[in-house]
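Analysis of the macromolecular model
Spelled out, the chains give:
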Amino acid sequence: LYAACKYDLPILQRACEQYLMSSLDDSNVSRRLVLADVQMCSGLKQAAMNYICEHPQVMDDDGWTEAFGQNAGLLAEVCRRAFAEGLAAKKRRVD
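Residues numbered from 1 in each chain as written. Predicted model: local features only at pLDDT ≥ 70, side-chain atom pairs only at ≥ 80, totals over all residues. Heavy atoms only, no water.

1. Let's talk about unusual backbone geometry
To be explicit about the condition: Strands are runs of DSSP state E lasting at least 2 residues, helices are runs of H or I lasting at least 4, and numbering of each runs from the N terminus. Remark: exposure states derive from per-residue accessible area (1.4 Å probe, protein chains only) relative to the maximum for the residue type, with buried under 20%, exposed over 50%, and partly exposed in between.
For D8, which is not glycine, the phi torsion reads 50° and is therefore positive. The residue M40 is not glycine, and still its phi comes out positive at about 55°. Mapped onto the elements of the fold, M40 is located in the loop between α3 (29-39) and α4 (42-54). For M40, a relative accessible area of 70% gives the class exposed.

2. Details of the pattern of salt bridges
Threshold: One speaks of a salt bridge when a side-chain nitrogen belonging to Lys or Arg is within 4 Å of a carboxyl oxygen belonging to Asp or Glu.
A complete count under the given rule lists 3 salt bridges for this structure. Between D37 and K45 there is a salt bridge whose closest N-O contact spans 2.9 Å. Given a relative accessible area of 25%, D37 falls into the partly exposed group. Between E85 and R81 there is a salt bridge, and its shortest N-O distance comes to 2.6 Å. One end of the pair, E85, and the other, R81, are both in helix α6 (residues 72-94), 4 residues apart, so they sit about a helical turn from each other. Salt bridges sharing common partners tie together D37, K45 and E77.

3. Quick look at the nonpolar core
For clarity, the cut-off: Buried Ala, Val, Leu, Ile, Met, Phe, Trp, Tyr and Cys residues form a nonpolar core when they are joined through side-chain atoms within 4.5 Å. Here a residue-residue contact requires only that any non-hydrogen atoms of the pair lie within 4.5 Å.
Ranked by internal contacts, the top residues of the largest apolar core, which has 15 residues, are V29, L33, I52, V58, W64, F68 and V78. Counting residues per element, the ones that place at least two in this core are α3, α4, α5 (62-68) and α6. Those residues in contact with L33 that sit more than four places away from it in its chain are K45, A48, M49, I52, F68, L74 and V78. Grouped together as the second largest cluster of nonpolar side chains are 5 residues, L20, A36, C41 and L44 included.

4. Some details on the environment of S23
With respect to the element layout, S23 can be found in the loop between α2 (10-22) and α3. Between the C-alpha atom of S23 and that of A89, which follows or precedes it by 66 residues, the distance is 26 Å. Excluding anything up to four places from it in sequence, S23 contacts N28 and R32.

5. Describing the environment of M59
By secondary structure assignment, the location of M59 is in the loop between α4 and α5. Residue class for M59 comes out partly exposed when judged on its relative accessible area of 30%. Linking M59 and D26, residues 33 residues apart in sequence, is a C-alpha distance of 9.0 Å. Leaving out residues up to four positions away in the same chain, M59 has contacts with I52 and W64.

6. Description of the packing of α2 against α4
Filter applied, for reference: To obtain an axis, a line is fitted to C-alpha atoms, over the contacting stretch when the element is a helix, and the angle between two such axes runs from 0 to 180 degrees between their N-to-C directions. Under this scheme an angle from 65 to 115 degrees is roughly perpendicular, one under 35 degrees roughly parallel, and one over 145 degrees roughly antiparallel; angles in between are oblique. Each residue gets one label: Ala, Val, Leu, Ile, Met, Phe, Trp, Tyr, Cys and Pro are nonpolar, Asp, Glu, Lys and Arg are charged, and the others, such as Gly, are polar.
Contact geometry of α2 with α4 gives a least axis separation of 9 Å together with a crossing angle of 5°. Relative to α4, the element α2 is oriented roughly parallel. On α4, the residues touching E17, L20 and M21 of α2 are S42, G43, L44 and A47. Taken together, the residues of the contact of α2 with α4 break down into 4 nonpolar, 2 polar and 1 charged.

See the structure below:
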């Protein structure tokens, strides 16, 4: 993905992004979210955010702290999104 972005190869970039999205799991989602943010890959970033919101246990992983140690802004974005989705889900249960 890095090389595809660096050398402006959009077809390869989309293929890499699709593969990374299709293989998200608890052990790699935090690193892939950071990668998506750095490389400005909105599809991968959205998929990783969705995965984190659907699987909040990933935040218990040691890799989580490591991945976001240098990127507080992205961590805040994840927290805002998870909080907003939690509120929306709570509201649906009340309604």
